[in-house]
Amino acid sequence: MITQSAILRFLTKRALLSLATLAILSIVVFLGGQLLPGDVGRAVLGPLADARAVAVFNHQVGADRPLVIQYWDWISHFLAGDMGTSFTFRAPVAPFIGEALVNSLKLAGLAFVLVVPLGIAGGVWAAMHVGRLGDRGLVLLGQSLGVVPEFISSIVLILIFGVWLRWLPMSADWPEGAGPLTQLRYLILPSLPLVLVFFGYVARVARVGTIEALDADYTRTAILKGLSTGQVMRRHVLRNALLPTITVVASLLGYLAGGLVVIETLFHYRGIGALIYAAARAKDFPMLEAGVLTVGAVYALASVLADLLSAALNPRLRTIGA
Amino acid sequence: MSAGIAPVSLARERLNVALRSSTLIAGLAILTFWIVCALLGARIAPQDPYADNLLATLAPPSPAHWFGTDQLGRDILSRVIVGARDILIVAPLATLLGTVLGTCLGLCIGYLRGALDDVVSRVIEAVQALPLVIVALMALAAVGTSNTTVVLVIGFVFTPLIARTVRAAVLVESDLDYVAAAQLRGDGALAIMFIEILPNVLPIAVVEMTVRLGYAIFFVASLSFIGFGIQPPSADWGIAIAENYSLIGSYWWTVLFDAGATASLVIGVNLVTDGMSSVFET
């Protein structure tokens, strides 16, 4: 018997697990940024730099202290909102991350607004034609689009819509002071490669959910009770079929950041992906660590939110104790 | 279990399914085409893929140069053919490394369980919270980029993902009678893991490997495009697109054919994966 307190306990447990995951992630990220290069000063200043300069650099950034102390120093400041000082800009990292995150969320938001309805529609359609040629074709198309790297689909889309048809701007770098509609116009082309990559994932989950719901006893009851097809689909099938889609959308949000690295670089967009990429190029480890950990935190937050949303929307959980 | 007969007919049944699967055949055809290009390379290319010709730079597609020429007047068709080589070395090696390490790790944590399993599973979950491109980017920024480090980094990144799949399969196998029998016989843990359980989880590992191969090509191509993968002077497709991307407005042929080659390779591998999983589901 599921009770409301059991649901609450489950959600608390999930939230705590996410925190534990983030703590481990912070150690992994820290080790990646501090330990892997071997000598931070040497990696930043290059092989030709004077040994004394390397030592001075390491002392200045605190890289000559024991690792545990360095980690504690980094993470305690991080949690207090101080993400460290960029090697490249000689300025605090946090404002850069904040601005880039907002930009990336705009791009990601548009991509999701486009792909979620499309994917669900495709998945439900395939489920209603299961086993037929259209179903098979749609599944295969979604899978194939899902494995084509974003920069490849970007190139093709840029050629079609930017170069040949001249419908959309080829870069996401909108003019200073552009209004929301202009920004939207500049963001359509960069969001399309993400839509193509994610379409198959969303469609697949929606398809499986719909097939299961169509097969369920409550659907048979609804049909036998004499409800119209539209009513059965809306009130009984979709409501149950779409729950797993929420979870998959949240997990895509984590994956999304990887695609953003490529797409934001390609379209000259100042988002978190481009920031991480630039930091990796310049060996700006404080910026890199902060950016990567932020991406991890956004992902953890998204999966907790997805759990909450699933619990809130699930008709089985909602009615109990209400 | 009707010993002896079942495996033979199962293998034959699988072969039948494989031969009837049009996606598998189509995928294998595309993959074979690119493997032949990778193996023979310059020998089947119509012209020298590395020879500059500054009198014929950025020439559009023509009978002399089917795919046109690039900024240095190099024949793009020849470079697309030769460009298959590096990605078809790096991506499969990385996948193989990840599969071998991941299968070993998955066997260990799935069979031994206990604290080791808890700790490793937690770390796997933490790493999964990050997109692979970002993990790879960070590691490559730290250790430096070369074909070897790309293989190592992608292999290590794949290890936990494959370990998770193998672990789930091992958990199921561990409850079966043959494992209990081996334990009662007094076999050591290593022998049980690698002689008894491994052959039974191998099909799952193989399917997982073909899935990962698709992703490996995806990542190697993406990393090469952003300068953290295969390095010039390779004729790699990702590098070619990065080098010519700024010309896309006027000289579409400098990027479109490389893009098509990459897309056909990943789609080919995906068709093989799709076909393979339906064969193993039999």
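Residues numbered from 1 in each chain as written. Chains lettered and ligands numbered in written order. Predicted model: local features only at pLDDT ≥ 70, side-chain atom pairs only at ≥ 80, totals over all residues.

Asks: Is there a simple way to explain the overall build of chain A in this structure?
Replies: If you tally the helices and strands in chain A, you get 14 helices and zero strands. Along chain A, from the amino end to the carboxyl end, the secondary structure elements read α-α-α-α-α-α-α-α-α-α-α-α-α-α. Referenced to the eigenvectors of the C-alpha coordinate spread, the extents of chain A come out at roughly 85 × 60 × 35 Å. Burial analysis of chain A (322 residues in total) assigns 40% to the buried set. Sequence separation of 24 or more characterises 70% of the internal contacts of chain A that already satisfy a separation of 6 or more. (Helix = DSSP H or I, 4+ residues; strand = E, 2+ residues; numbered from the N terminus. Buried ≥ 20, exposed ≤ 12 C-beta atoms within 10 Å, placed from the backbone. Contact = placed C-beta atoms within 7 Å.)

Asks: I keep staring at the overall build of chain B and nothing clicks. Help me out?
Replies: For chain B, the helix and strand inventory stands at 11 helices and zero strands. For chain B, the α and β elements follow one another from N to C terminus as α-α-α-α-α-α-α-α-α-α-α. Along the three orthogonal principal directions, the C-alpha set of chain B runs to about 80 × 45 × 25 Å. Across the 282 residues in chain B, those meeting the buried criterion constitute 47%. Nonlocal contacts in chain B, meaning residues at least 24 apart in sequence, comprise 72% of its contacts between residues at least 6 apart.

Asks: In this structure, what is going on with the interface of chain A and chain B? I would like to understand it.
Replies: The accessible area lost on association of the parts is a frequent measure of interface size. Each side of the interface is counted separately: chain A has 39 residues, and chain B has 37 residues. The set of elements that each furnish at least two residues to the side of chain A that touches chain B consists of helix H1 (4-34), helix H6 (133-147), helix H7 (150-164), helix H11 (243-266), helix H12 (272-281) and helix H13 (285-313) of chain A. Broken down by class, the residue content of the side of chain A that touches chain B amounts to 29 nonpolar, nine polar and one charged. (Nonpolar A, V, L, I, M, F, W, Y, C, P; charged D, E, K, R; others polar.)

Asks: How do you make sense of the confidence of the model for chain B when you look at a structure like this?
Replies: Fine structural detail should not be taken from predicted coordinates in areas where pLDDT scores are low. Residue and element names in this part refer to chain B. Averaged over chain B, the pLDDT score is 87; the fraction of residues at 70 or greater is 96%. Mean pLDDT per element in chain B: helix H1 (residues 5-20) is the minimum at 69, and helix H4 (residues 84-112) is the maximum at 94. Interface predicted TM-score (ipTM) for the complex: 0.82; the corresponding pTM is 0.85. (pLDDT = per-residue confidence, 0-100.)

Asks: Can you walk me through the nonpolar core in this structure?
Replies: Nonpolar side chains tend to gather and get buried jointly when the protein is soluble and globular. Counting 167 residues, the largest nonpolar core has A:Val202, A:Ile276, B:Ile134, B:Ala136, B:Leu137, B:Ile217 and B:Val220 as its most contacted members. Considering every element that reaches this core, the biggest residue donor is helix H8 (residues 180-215) of chain A, with 18 residues. Contacts of B:Ala136, omitting those with residues within four sequence positions, involve B:Val153, B:Ile154, B:Val157, B:Phe219 and B:Leu223. (Core = buried A, V, L, I, M, F, W, Y, C linked by C-beta atoms within 7 Å.)

Asks: Can you walk me through unusual backbone geometry in this structure?
Replies: Going from B:Pro232 to B:Pro233, the amide bond is cis rather than trans, its omega being 10 degrees. Looking at the secondary structure, you find B:Pro233 in the loop between helix H9 (189-225) and helix H10 (237-244). Its identity is not glycine, yet A:Lys283 carries a phi of approximately 50 degrees, on the positive side. Within the secondary structure, A:Lys283 sits in the loop between H12 and H13.

Asks: Help me out: how do you make sense of the environment of A:Arg235 in this one?
Replies: Residue and element names in this part refer to chain A. Within the secondary structure layout, Arg235 lies in helix H10 (residues 229-241). Residue classification places Arg235 among the exposed residues on the basis of 11 C-beta atoms within 10 Å. Between the C-alpha atom of Arg235 and that of Ile211, which follows or precedes it by 24 residues, the distance is 15 Å.

Asks: Would you mind going over the environment of B:Gly227 with me for this structure?
Replies: Residue and element names in this part refer to chain B. By secondary structure assignment, the location of Gly227 is in the loop between H9 and H10. Accessibility expressed as a C-beta count within 10 Å gives 18 for Gly227, which makes it partly exposed. Distance from Gly227 to Thr145, taken between C-alpha atoms, is 8.6 Å for residues 82 residues apart in sequence.

Asks: What exactly am I supposed to notice about the packing of helix H5 (residues 94-128) of chain A against H12(A) here?
Replies: Each packed pair of helices is defined by two parameters, the angle between the axes and the distance between the axes. All names here are of chain A. Put simply, H5 and H12 touch, their axes get as near as 7 Å, and they point 135 degrees apart. Accordingly, the angle class assigned to the pair H5 and H12 is oblique. Together, Phe96, Ala100, Leu101 and Ser104 of H5 and Ile272, Gly273 and Leu275 of H12 make up the contact between the two elements. (Axes fitted to C-alpha atoms, helices over the stretch in contact; angles between N-to-C directions. Parallel < 35°, antiparallel > 145°, perpendicular 65-115°, else oblique.)

Asks: Would you take a moment to explain the packing of H12(A) against helix H6 (residues 132-143) of chain B for this structure?
Replies: At a closest axis distance of 9 Å, the pairing of H12(A) and H6(B) adopts a crossing angle of 20 degrees. Taken together, the axes of H12(A) and H6(B) lie roughly parallel to each other. In the packing of H12(A) onto H6(B), the handedness of the crossing is left-handed. Residue-level contacts link A:Ile276, A:Tyr277 and A:Ala280 of H12(A) to B:Ile134, B:Leu137, B:Met138 and B:Ala141 of H6(B). (Left-handed = near helix turned anticlockwise from the far one by under 90°.)

Asks: So what exactly am I meant to see when it comes to helix H4 (residues 67-79) of chain A here?
Replies: For an α-helix, 3.6 residues make a turn, and residues three or four places apart therefore share a direction. Residues and elements named next belong to chain A. The end-to-end C-alpha distance of H4 is 18 Å, a good match for the 18 Å that 13 residues give at a rise of 1.5 Å each. Sparse coverage of H4 is indicated by the burial of one of its 13 residues. Downstream of H4 by one or two residues, Gly81 has phi in the positive range, about 100 degrees. (Expected span 1.5 Å × (residues − 1).)

Asks: What am I meant to see in H9(B) here?
Replies: Residue and element names in this part refer to chain B. Between its first and last C-alpha atoms H9 spans 45 Å; for 37 residues at 1.5 Å apiece the expected length is 54 Å, and the helix comes up short by more than 12%. The axis of H9 is deflected most strongly, by about 65 degrees, at Leu198, and proline Pro199 appears within four residues downstream. Note on H9: the residue one or two positions beyond its end, Gly227, has a positive phi of about 90 degrees. (Bend = angle between axes of the 7 residues up to and from the residue.)

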